[in-house]
Amino acid sequence: MTQHPTDHTTRDSRRNVVVTGGGTGIGRATARAFAARGDRVLIVGRSKSTLDETADHPDIHTLPLSLLDPRAPQLIVETARRTLGGIDVLVNNAARSGFREIGELDEQDIREQVGTNLLAPILLTRSALPELEAARGVVVNIGSAGALGVRAMPGSSVYAATKAGLDSLTRTWAMELGPRGIRVVGLAPGLIDTGVGVRAGMPQETYDAFLAGMRPKVPAGRIGTPEEIAWWITTLASPEAGYANGAIIAVDGGLSVT
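Residues numbered from 1 in each chain as written. Predicted model: local features only at pLDDT ≥ 70, side-chain atom pairs only at ≥ 80, totals over all residues. Heavy atoms only, no water.

One open sheet accounts for seven strands, arranged 3-2-1-4-5-6-7; its pairing is parallel. Of all strands in the sheet, those bounded by a partner on one side alone are strand 3 (60-64) and strand 7 (248-251). On average, each strand axis in the sheet is tilted by 20° relative to the strand beside it, whichever way the strands run. Bridging between strand 6 (residues 183-189) and strand 7 involves four bridges; their strand directions are parallel. What sits directly across from Gly186, in strand 7, is Ile248. The strands touched by helix 1 (residues 25-36) are strand 1 (16-20), strand 2 (40-45), strand 3, strand 4 (89-92) and strand 6; relative to strand 2, the strand with the most contacts, the crossing angle is about 165°. Relative to strand 6, helix 8 (residues 226-236) is tilted by about 165°, and along the sheet it contacts strand 4, strand 5 (138-142), strand 6 and strand 7. (Pairing = 2+ DSSP bridges. Helix = DSSP H or I, 4+ residues; strand = E, 2+ residues; numbered from the N terminus. Axes fitted to C-alpha atoms, helices over the stretch in contact; angles between N-to-C directions. Contact = heavy atoms within 4.5 Å.)

And the structure:
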């Protein structure tokens, strides 16, 4: 009998999920959402303390590690294999941003953004291919609605360029990896209240004023939450979404179509 993609009666429906940037914001909400579904999750991030705060569920495991470490791809895959049993879903979520114009960015800023946002997903996905192929798994790349199409992001040029590059990888990998049973999809969040501006060095008052100023421009009339984005990530990664491949979904309250 042909088995429908949503029929889990003959297999363990619990999946093994790796989420980078899992200590805060969207990564934290995503890890908790997968764990709430019964999945086993490995979260990767630079800060042990924030990872520990996220890991409030017995099925969330932590790996404090910078993605800029040359050993990171191999260590993440090995840890996932050891602690989870493999990788069914890889969420490339970790990102660094810099809210400054190009002339104000120093070389280290630029290299860290490109290394974290673009090079790290490339190297990690490549290293995870054997696990993903064995599982007929899913890669979810987290981009940015502000970098879609011909939109510009003054003050975030390098960040936007890396996110546009990640979208290109999503489309190309979908074609390359589809024959190997691996799906690749992208999610492009809009204005989400994750505190990223403060973590990037923006004073809290400035960040709050920025969100308040942007809120009226969003057709939905509000700022999104990390939990809303986590729902989309878990949904796109689910077997029920199995025909979605190469798609990049904007979840931004309609801002990208204004």
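Resuming the write-up.
On to the pattern of salt bridges, then. As enumerated under the stated definition, the model contains twelve salt bridges in all. Two residues, Glu112 and Arg96, come together in a salt bridge whose shortest N-O distance is 2.5 Å. A residue pair is termed long-range when its members are at least 10 positions apart, and Glu112 in helix 4 (residues 107-135) and Arg96 in the loop between strand 4 and helix 4 qualify at 16 residues. The class for Arg96 is buried, based on a relative accessible area of 15%. In this structure, Arg100 and Asp109 form a salt bridge, with 2.7 Å as the shortest nitrogen-oxygen distance. (Salt bridge = Lys/Arg side-chain N within 4 Å of Asp/Glu carboxyl O. Buried < 20%, exposed > 50% of the residue type's maximum accessible area, 1.4 Å probe, protein only.)

In the contact formed by helix 1 and helix 8, the axes pass within 8 Å of each other and the chain directions differ by 55°. In terms of orientation, helix 1 lies oblique with respect to helix 8. For the crossing formed where helix 1 meets helix 8, the hand is right-handed. Along the contact surface, helix 1 presents Gly25, Ile26, Ala29, Thr30, Ala33 and Phe34, while helix 8 presents Pro226, Glu227, Ile229, Ala230, Ile233 and Thr234. Of the residues in the contact of helix 1 with helix 8, the class split is eight nonpolar, three polar and one charged. (Parallel < 35°, antiparallel > 145°, perpendicular 65-115°, else oblique. Left-handed = near helix turned anticlockwise from the far one by under 90°. Nonpolar A, V, L, I, M, F, W, Y, C, P; charged D, E, K, R; others polar.)

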